[in-house]
Amino acid sequence: MKNNAVPKNNAQIDPRVTFLFVFLLSAASVMLRDALTLVPVLVSAAVAAGWARAPFGTLLRRLRGLWAALLAVTLFQALFSGDVVSGLLTGAAVLERLLVLMLGGSLLAGYPGHALVQGMIQLRLPYQLAYMVSIGLRFLPRFRESFQDSLTAMQLRGVDFRRMKLRRRFKVYAYLLMPAVVSGVNSARKLSMAMELRGFGAYPERTAYLPLRMKERDWLAFAAVLLWAAALMAGQILWRIYT
Amino acid sequence: MRIDAENLSFAYPEAGFRLDGVSFYVESGESVAITGRNGSGKTTLGKLLCGLLKPQGGRVLFDGEDTSGWSLPRRGKRIGYLFQEPSKQLFAPAVMEELTFTQELMGTPADEAARRAYEVLSRFDLSKLASQGTYTLSRGEKQRLAICGLLLHSPEALVLDEPTTGLDKRRGELLAEAIRECLSGGVSVIMISHDREFVKNNASREIRLEDGKVV
């Protein structure tokens with residue numbers, strides 16, 4: 001079958017190459033410990049996300065509630081990690097690491113869900129992982145909605161959060177998280193049952209309507225990713241030798 | 001509590017729907033049914049009365065007092081709202097906790113909260129399920145538990161959105177009995193329902209909505 005509509009992202013790169021890049025980015029962000037060595041990783045992730053026009057802004061907006069927590073973590077690291085300068089550097093490293101992971105996530109979020117799944121199938125990876133991620137993303141608004149419903153229901157019974165002490169308010173929020181999670185899991189269970197009933201599964205005999213094929217552009221991107229990884233490793237070795 | 005809705009309007013532009021200049025009153029201790037076809041604006045009207053939606057025009061008065069600037073908890077202390085989908089208003093993992101948690105938050109001692117919760121559970125034939133998880137309840141059981149949650153806080157008015165959904169005849173009668181008890185205590189009840197028989201037996205007046213207008 002002639003394949004004219006292979007699902008790709010804005011930069012027209014095969015998702016398998018992006019998988020590799022995101023995997024390397026994530027590995028580097030976890031393995032590199034200090035703020036300065038994480039800078040090139042962060043810059044690479046930002047450049048790639050900008051080039052691929054990844055929906056990073058959307059991701060940031062969706063996670064805006066988390067920013068206070070991220071800043072609190074950074075501050076916490078800064079205050080409790082020895083002297084102030086090294087504390088700030090540790091805090092910055094945590095922030096950089098999180099940003100790299102989010103940029104990596106936004107690179108993957110730039111693909112339609114079925115392209116990621118097809119990529120995983122062709123890489124012989126468990127496709128369920130991709131489904132879990134893509135469905136999980138769809139459940140985020142649902143989770144938020146369920147949490148909001150619980151807050152509304154409590155307010156309708158006369159509970160006034162604004163008059164509550166902060167500590168108590170956080171306790172209530174923590175209490176409400178569990179039901180919201182259970183409600184999300186229940187919805188996911190129902191969805192998975194509905195999918196099973198429709199014969200969902202990537203069985204070996206199943207063919208794909210839009211199989212992915214590596215083209216020249218993809219091979220170039222693949223080579224660029226390998227070169228980038230080699231340069232990053234070489235840079236790290238040199239950095240360690242000369243510092 | 002007397003409730004007055006004056007010229008209430010609310011629009012969902014994307015759905016092309018508009019609740020237009022709805023006015024009515026409910027006397028203290030009176031039971032009124034709001035009926036109408038799907039999409040006629042019944043639930044929107046209920047949410048406007050409770051403050052879940054802010055009216056784009058008009059106002060809601062509780063005992064003659066304009067509630068426009070009131071917070072949700074302030075309204076919630078006086079009016080109870082039963083959601084059309086009861087799971088939306090159950091927030092605790094266990095049945096008993098569902099009823100004791102907010103009471104304790106508002107300062108009721110734990111044993112008193114448990115006693116009151118048990119009492120209202122028994123009234124709705126749910127005491128056997130007191131230690132059960134809320135997620136394992138059936139639709140009807142959730143509905144009854146949500147009603148228990150409303151009654152615990154002794155509201156002065158109730159807005160019940162499709163209260164009989166999922167209830168069998170016997171449980172429907174228990175609900176009717178609870179409504180009658182509320183009415184005799186001066187609680188005003190607004191029921192939004194498609195259940196003609198329940199409305200006929202339990203409402204003293206009917207307000208019919210059609211395309212966002214009272215007809």
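Residues numbered from 1 in each chain as written. Chains lettered and ligands numbered in written order. Predicted model: local features only at pLDDT ≥ 70, side-chain atom pairs only at ≥ 80, totals over all residues. Heavy atoms only, no water.

1. A look at the interface of chain A and chain B
No. 1: At the junction of the two partners, chain A supplies 22 residues and chain B supplies 25 residues.
No. 2: Carbon and sulfur atoms supply 65% of the area that chain A and chain B bury against each other, a total of about 2200 Å² over both sides.
No. 3: On the chain A side of the interface with chain B, the three residues burying the most area are A:L156, A:R157 and A:Y175, jointly 40% of the side's total.
No. 4: Summed over the shared surface of chain A and chain B, the number is two salt bridges.
No. 5: With a closest N to O distance of 2.8 Å, B:E98 and A:R157 form a salt bridge.
No. 6: Elements with a minimum of two residues in the side of chain A that touches chain B: α7 (127-156) and α8 (166-197) of chain A.
No. 7: Looking at the side of chain A that touches chain B residue by residue, the class counts come to 11 nonpolar, five polar and six charged. (Contact = heavy atoms within 4.5 Å. Buried area = accessible area lost by both parts, 1.4 Å probe. Salt bridge = Lys/Arg side-chain N within 4 Å of Asp/Glu carboxyl O. Helix = DSSP H or I, 4+ residues; strand = E, 2+ residues; numbered from the N terminus. Nonpolar A, V, L, I, M, F, W, Y, C, P; charged D, E, K, R; others polar.)

2. Let's talk about unusual backbone geometry
No. 1: With a phi angle near 50 degrees, B:E162 is a residue other than glycine that sits in the positive phi range.
No. 2: For B:E162, a relative accessible area of 8% corresponds to the buried category. (Buried < 20%, exposed > 50% of the residue type's maximum accessible area, 1.4 Å probe, protein only.)

3. Examining the packing of helix α3 (residues 95-105) of chain B against helix α5 (residues 139-152) of chain B
All names here are of chain B.
No. 1: The interhelical angle for the contact between α3 and α5, taken along N-to-C directions, is 25 degrees, at an axis separation of 10 Å. As summarised for this structure, α3 and α5 are arranged roughly parallel, according to the angle between their axes. For the crossing formed where α3 meets α5, the hand is right-handed. Contacts from V95, E98, L99 and Q103 of α3 reach α5 at L145, C148, G149 and L152.
No. 2: Within the contact of α3 with α5, the residues separate by chemical class into five nonpolar, two polar and one charged. (Axes fitted to C-alpha atoms, helices over the stretch in contact; angles between N-to-C directions. Parallel < 35°, antiparallel > 145°, perpendicular 65-115°, else oblique. Left-handed = near helix turned anticlockwise from the far one by under 90°.)

4. Looking at helix α6 (residues 113-122) of chain A
No. 1: Those residues of α6(A) that fall on the buried side of the exposure criterion are A:A115, A:L116, A:V117, A:Q118, A:G119 and A:M120.
No. 2: After α6(A) finishes, the residue A:R124 shows a positive phi value of roughly 60 degrees.

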